[in-house]
Amino acid sequence: MTDDVKKHVKSKTTWTRLIYLILYAIIFRVASIVLFAITIIQFLKALLTGSPFDRIQSFGGALAEYNKQLVAYLSYQSDEKPFPVGPWPPETPPATGNDTSDDVIIVAEETSDKPKPSEDANNDKGSNNA
């Protein structure tokens, strides 16, 4: 083994990181279960009333940000520890009702089967002369 490898194997921070990785991997699994429960609750509420719970929708936004932080830490993209060591992400307010993603826009196009009005006038003039 080289000196660098020995240094990293004996490093307290490397083994501390392993403990945090295990802890956050377990938390990630629990957060996935919570997300599944939120999904079912929000779907049922939207099915019955037409709109989801606003408070749960805000919490869902915070949970999404928390999952993002967990993945970043677990994949070594970040050294910042998420909740419970770090702060919980702020809740995001639900989107306003201005979302038009379900709207359908229909565009009417002229078909080329019908003659243009100027062609009809020219044809009519020709038939009147005969």
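Cut-off values and rules
Residues numbered from 1 in each chain as written. Predicted model: local features only at pLDDT ≥ 70, side-chain atom pairs only at ≥ 80, totals over all residues. Heavy atoms only, no water. Helix = DSSP H or I, 4+ residues; strand = E, 2+ residues; numbered from the N terminus. Buried < 20%, exposed > 50% of the residue type's maximum accessible area, 1.4 Å probe, protein only. Core = buried A, V, L, I, M, F, W, Y, C linked by side-chain atoms within 4.5 Å. Contact = heavy atoms within 4.5 Å. Salt bridge = Lys/Arg side-chain N within 4 Å of Asp/Glu carboxyl O. Phe/Tyr/Trp six-rings, centres within 6.5 Å; stacked < 30°, edge-to-face > 60°. Expected span 1.5 Å × (residues − 1). Axes fitted to C-alpha atoms, helices over the stretch in contact; angles between N-to-C directions. Parallel < 35°, antiparallel > 145°, perpendicular 65-115°, else oblique. Left-handed = near helix turned anticlockwise from the far one by under 90°.

Chemist: Explain the overall build of the protein to me, please; I cannot follow it from the model alone.
Modeler: Across its full length, the protein carries four helices and zero strands. Counting from the amino terminus, the protein carries its helices and strands in the arrangement α-α-α-α. For the protein, with 130 residues in total, the buried portion stands at 14%.

Chemist: Is there a simple way to think about the nonpolar core in this case?
Modeler: As a rule of thumb, nonpolar side chains are buried together in soluble globular proteins. Formed by Leu-21, Tyr-24, Ile-27, Ala-31, Ile-38, Leu-63, Tyr-66, Leu-70 and Tyr-73, the largest nonpolar core amounts to nine residues. Only helix H2 (12–49) and helix H3 (54–74) provide two or more residues apiece to this core. Ranked by residue count, the leading element in this core is H2, at five residues. Beyond its immediate chain neighbours, meaning those up to four positions away, Ala-31 contacts Leu-63 and Asn-67.

Chemist: Sorry if this is basic, but what is going on with the pattern of salt bridges here?
Modeler: Pairs can form between side chains of opposite charge whenever their charged atoms are close. A complete count under the given rule lists one salt bridge for this structure. Between Asp-79 and Arg-17 there is a salt bridge, and its shortest N-O distance comes to 2.8 Å. In this pair, Asp-79 sits in the loop between H3 and helix H4 (117–129) while Arg-17 sits in helix H2, placing the two residues 62 residues apart along the sequence. Given the relative accessible area of 59%, Asp-79 is considered exposed.

Chemist: Looking at this structure, how should I read the packing of aromatic side chains?
Modeler: Within a pair of aromatic rings, the relevant descriptors are the distance that separates the centres and the angle that separates the planes. Counted according to the given criterion, the structure contains six aromatic pairs. Where Tyr-24 meets Tyr-73, the ring centres are 5.3 Å apart and the plane angle is 70 degrees; that geometry is what we call edge-to-face. Pair noted here: Tyr-24 is in helix H2 and Tyr-73 is in helix H3, with a separation of 49 residues, a long-range link. An identical accessibility class is assigned to Tyr-24 and Tyr-73; each is buried.

Chemist: Looking at this structure, how should I read unusual backbone geometry?
Modeler: Excluding glycine, residues mostly carry a negative phi; peptide bonds, for their part, are mostly trans. At the junction of Phe-83 and Pro-84, the peptide bond is cis and its omega measures out at 15 degrees in the coordinates. With respect to the secondary-structure elements, Pro-84 resides in the loop between H3 and H4. In the Ramachandran plot, Tyr-76 falls in the positive-phi region, its phi being about 65 degrees despite a non-glycine side chain. Looking at the element boundaries, Tyr-76 is found in the loop between H3 and H4. Among the residues examined, Tyr-76 registers a relative accessible area of 54% and is labelled exposed.

Chemist: What exactly am I supposed to notice about H3 here?
Modeler: Structural remark: α-helix, 3.6 residues per turn; residues separated by three or four positions point the same way. For H3, which comprises 21 residues, the first-to-last C-alpha distance of 30 Å matches the rise-based estimate of 30 Å (1.5 Å per residue) to within 8%. Among all positions of H3, only Ser-58, Ala-62, Leu-63, Tyr-66, Asn-67, Leu-70, Ala-72 and Tyr-73 are buried. Where H3 terminates, the next one or two residues include Tyr-76, which has phi positive at roughly 65 degrees.

Chemist: Just to check I follow, could you spell out the packing of H2 against H3 for this structure?
Modeler: The geometry of H2 relative to H3 is characterised by a closest axis approach of 10 Å and an angle of 155 degrees between their N-to-C directions. When the axis of H2 is compared with that of H3, the two are roughly antiparallel. In this structure, H2 meets H3 at a crossing whose hand is left-handed.

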